[in-house]
Amino acid sequence: MNYKYLHRTLRFLLVVAIVVLAAISFYYLSKVTYPFLIALVIAFLINPLVNVLQKKGRMPRGLAVFLTLIIIFAFAVGLVTLLIAEIVSGANYLARVVPEHLDTLIKYIEEYITAQIIPLYNQLAGMFNRLDVGQKDTIIDNIQNVGTTIGSTVGSFIQNLFGNIPVILSWFPNAATVLIFSLLATFFISKDWDRLSAIGSRVVPEKAKTSGRTVFVDLKKALFGFLKAQLTLISITTVIILIGLLILRVDYAITIALITGIVDIIPYLGTGLIFVPWIIYQVIVGNMALAIGLGILYILVLVQRQIMEPKILSSNIGIDPLATLISLFVGFKLIGFLGLIVGPVTLVIISTLYRANIFHDLWAFIKGNES
């Protein structure tokens, strides 16, 4: 028996077992510690601002952390207030114009039923009366089966909808609890950041510390690069939509452009959630000029998004454009819309581990000292 390959196999299985065990442990531990993981991420993100306030403002670190959290909270509240004000303004506008458009839509439906549905019904009724008894019974049975299926489907949907209401309502107290614990944990972690970093430096071996520092720096760069890329894409989309709506002389162009830009965060669907129903409605009410203009604008937004996303992502997170495009496609095919985010993130992690020589070190361990 070749003991060299036996030892390599055992080391390989050991590495796989450790990785799988670590992944399973993280999965189950994260279910009960996720408020503190969120706090750790927030503390990491606000640490530069805290350091500036502590050093430039010559204030205690605890006070610097408290002021930073107040600033972020005030910014979030202001953003939500602005969004609510825009929604209220838009709702008032809709309250004025929707009844008129609804009357137009109802008239269109009435005319369509009178001109198309009723004659078609009369033709079908005449054809049905000319059928023999067996054919009539078959058609009636099929119609009843379709009706039963639709009824059961609608009933199940309504039952699930109302059944999920208690779950949704119970989520709010849990979310409030998580928010409070995360904020408190963020304060204490950020306040003792230097001490916790020193403890980590003493516990972690030097070799792991060097590799971990490389991984940390690359992931930090990739994280901020990914956020910058998404903000850039959203800004480009918002500007294009704003210019297009101004050219089309649409009311509340700024509000619509901002809301559509925010909706563009949703993978794959994005601006289609706004444009597709809007275009269909304009076609129904007979405003073909605006419908064609919106259609051209929507196609322009889609094309620029597909062209710019791989390039901007690759330039900001330091990954080859082709690899980024492949990660987007593979992620989408494997897990759907979420894969458009998970794919590039996974690629960044793999690339970071490779640059930190993690795979090289693992392979060296598996090979051992045998020549």
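These notes cover the structure that comes with them. (Residues numbered from 1 in each chain as written. Predicted model: local features only at pLDDT ≥ 70, side-chain atom pairs only at ≥ 80, totals over all residues. Heavy atoms only, no water.)

Moving on: the packing of helix α1 (residues 3-56) against helix α11 (residues 358-367). Between α1 and α11, whose axes approach to 7 Å, the crossing angle comes to 140°. What the angle tells us is that α1 and α11 run oblique. Here Arg8, Arg11, Phe12, Leu14 and Val15 of α1 lie close against α11, whose contacting residues are Leu362, Phe365, Ile366 and Lys367. Of the residues in the contact of α1 with α11, the class split is 6 nonpolar, no polar and 3 charged. (Axes fitted to C-alpha atoms, helices over the stretch in contact; angles between N-to-C directions. Helix = DSSP H or I, 4+ residues; strand = E, 2+ residues; numbered from the N terminus. Parallel < 35°, antiparallel > 145°, perpendicular 65-115°, else oblique. Contact = heavy atoms within 4.5 Å. Nonpolar A, V, L, I, M, F, W, Y, C, P; charged D, E, K, R; others polar.)

This next bit is on the pattern of salt bridges. Taken as a whole, this structure holds 2 salt bridges when the rule is applied. Of the charged contacts in the structure, one is a salt bridge between Lys191 and Asp192, with a shortest N-O distance of 3.8 Å. Of the charged contacts in the structure, one is a salt bridge between Asp192 and Arg195, with a shortest N-O distance of 3.4 Å. Beyond isolated ion pairs, a larger network of salt bridges with shared partners links Lys191, Asp192 and Arg195. (Salt bridge = Lys/Arg side-chain N within 4 Å of Asp/Glu carboxyl O.)

A general feature of soluble globular proteins is that nonpolar side chains tend to end up buried together. In terms of nonpolar packing, the biggest core is built from 14 residues, with Ile241, Leu245, Phe275, Ile279 and Leu294 touching the most fellow members. Those elements that provide at least two residues to this core are α5 (206-247), α6 (253-263), α7 (272-284) and α8 (288-317). What Ile279 contacts, discounting residues up to four positions off in sequence, is Ala291, Leu294, Gly295 and Tyr298. Counting 11 residues, the second-largest nonpolar core is a separate cluster that includes Ala222, Ile312, Ile317 and Ile319. (Core = buried A, V, L, I, M, F, W, Y, C linked by side-chain atoms within 4.5 Å. Buried < 20%, exposed > 50% of the residue type's maximum accessible area, 1.4 Å probe, protein only.)

Quick look at α1 now. Look at α1: only 62 Å from first C-alpha to last across 54 residues, short of the 80 Å you get at 1.5 Å a residue. At Thr33, α1 shows its strongest bend, of approximately 85°, with the proline Pro35 following within four residues. Of all the positions in α1, only Arg8, Val15, Ser30, Pro35, Ala39, Ala43, Phe44, Ile46, Asn47, Val50 and Leu53 are classed as buried. Immediately beyond the C-terminal end of α1, within one or two residues, lies Arg58, with a positive phi of roughly 50°. (Expected span 1.5 Å × (residues − 1). Bend = angle between axes of the 7 residues up to and from the residue.)

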